[in-house]
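# Summary of structural features
The primary structure of each chain is shown beneath.
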Amino acid sequence: MKIRVVPTLILAGISILAGYAFYAANVHDGNTGRWMMMVCSAVTLFVSLAGGFGIRYGAGGSGVGIMVLSVIAAIVHLVINLVATFAPFRAAPYIIVSGIVLLIYIGIVYSMSKAL
């Protein structure tokens, strides 16, 4: 396993901008949880995308599977954030659902990388 620096930095920028976009979308209500949503969405998107595109795995077919899983996890995180943006925001369910999805993703990627 080797970290690719340039794609990881690009993904960090994309994640930060997406987090700011969700922050800006929640300003209209005076939502006090918008900072939490910004940080949580940036971290979850970064972890899910960097796990697939920012790391080079050893020889084998698991690298493609991890990339596909990373895209699916990023889409799921985007859907969670969009629902939290347009529905009445409650911090506890948002953190719990985002955390569970992120931990499931990390567990599956870990097991796939060990199967190489």
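Residues numbered from 1 in each chain as written. Predicted model: local features only at pLDDT ≥ 70, side-chain atom pairs only at ≥ 80, totals over all residues. Heavy atoms only, no water.

### Looking at the overall build of the chain
- Helix and strand content of the chain: 4 helices and 2 strands.
- For the chain, the succession of helices and strands along the chain, N to C, is β-α-α-β-α-α.
- In terms of C-alpha radius of gyration, the chain reaches 15 Å, essentially the compact-globule figure of 13 Å for 116 residues.
- Principal-axis analysis of the C-alpha atoms places the extent of the chain at approximately 50 × 25 × 15 Å.
- Long-range pairs, those at least 24 residues apart, make up 73% of the contacts in the chain with a sequence separation of at least 6.
- As displayed, the chain offers around 6600 Å² of accessible surface, 78% of which is attributable to carbon and sulfur atoms. (Helix = DSSP H or I, 4+ residues; strand = E, 2+ residues; numbered from the N terminus. Rg over C-alpha atoms; globule rule 2.2 N^0.38 Å. Contact = heavy atoms within 4.5 Å. Areas by Shrake-Rupley, 256 points an atom, 1.4 Å probe, with all protein chains shown as cover.)

### Re the environment of Leu 11
- Along the chain, Leu 11 falls in helix H1 (residues 5-25).
- Each C-alpha atom of the pair Leu 11 and Leu 49 lies 6.8 Å from the other, and the pair is 38 residues apart in sequence.
- With residues near it in sequence (within four places) discarded, Leu 11 still touches Phe 46, Leu 49, Ala 50, Phe 53 and Gly 54.

### So, the environment of Gly 99
- Looking at the element boundaries, Gly 99 is found in helix H4 (residues 91-114).
- Note: C-alpha distance between Gly 99 and Lys 114 (15 residues apart in sequence) is 22 Å.

### Quick word on the packing of helix H2 (residues 34-53) against helix H3 (residues 62-86)
- One way to put it is that H2 packs onto H3 with a least axis distance of 7 Å and a crossing angle of 165°. With respect to each other, H2 and H3 are oriented roughly antiparallel. The handedness of the crossing between H2 and H3 is left-handed. Here H2 contributes Met 37, Ser 41, Thr 44, Leu 45, Ser 48, Leu 49, Gly 51, Gly 52 and Phe 53 to the contact with H3, which in turn contributes Ile 66, Met 67, Ser 70, Val 71, Ala 73, Ala 74, His 77, Leu 78, Asn 81, Ala 84 and Thr 85.
- In terms of residue class, the contact of H2 with H3 is built from 11 nonpolar, 9 polar and no charged. (Axes fitted to C-alpha atoms, helices over the stretch in contact; angles between N-to-C directions. Parallel < 35°, antiparallel > 145°, perpendicular 65-115°, else oblique. Left-handed = near helix turned anticlockwise from the far one by under 90°. Nonpolar A, V, L, I, M, F, W, Y, C, P; charged D, E, K, R; others polar.)

### Looking at the layout of surface pockets
- In this model, the largest pocket occupies a volume close to 150 Å³.
- Lining the largest pocket are Ile 80, Val 83, Ala 84, Ala 87, Pro 88, Phe 89, Arg 90, Pro 93, Tyr 94 and Val 97.
- Elements supplying a minimum of two residues to the lining of the largest pocket: H3 and H4. (1 Å grid on protein atoms, 1.4 Å probe; cavity = no way out; pocket = protein on both sides within 12 Å on 5 of 7 lines; lining within 4 Å. Points joined across faces, edges and corners; volume = space filled by probe spheres on them.)

### Considerations on the nonpolar core
- Grouped together as the largest cluster of nonpolar side chains are 7 residues: Phe 22, Met 37, Cys 40, Ile 80, Ala 84, Phe 89 and Tyr 94.
- Of all the secondary structure elements, the ones that give two or more residues to this core are H2 and H3.
- Contacts of Phe 22, omitting those with residues within four sequence positions, involve Met 37, Ser 41, Leu 78, Asn 81, Leu 82 and Thr 85. (Core = buried A, V, L, I, M, F, W, Y, C linked by side-chain atoms within 4.5 Å. Buried < 20%, exposed > 50% of the residue type's maximum accessible area, 1.4 Å probe, protein only.)

### Side note on the environment of Phe 86
- Assignment of secondary structure puts Phe 86 in helix H3.
- For Phe 86, a relative accessible area of 68% gives the class exposed.
- For the pair Phe 86 and Gly 33, spaced 53 residues apart in the sequence, the C-alpha separation amounts to 13 Å.

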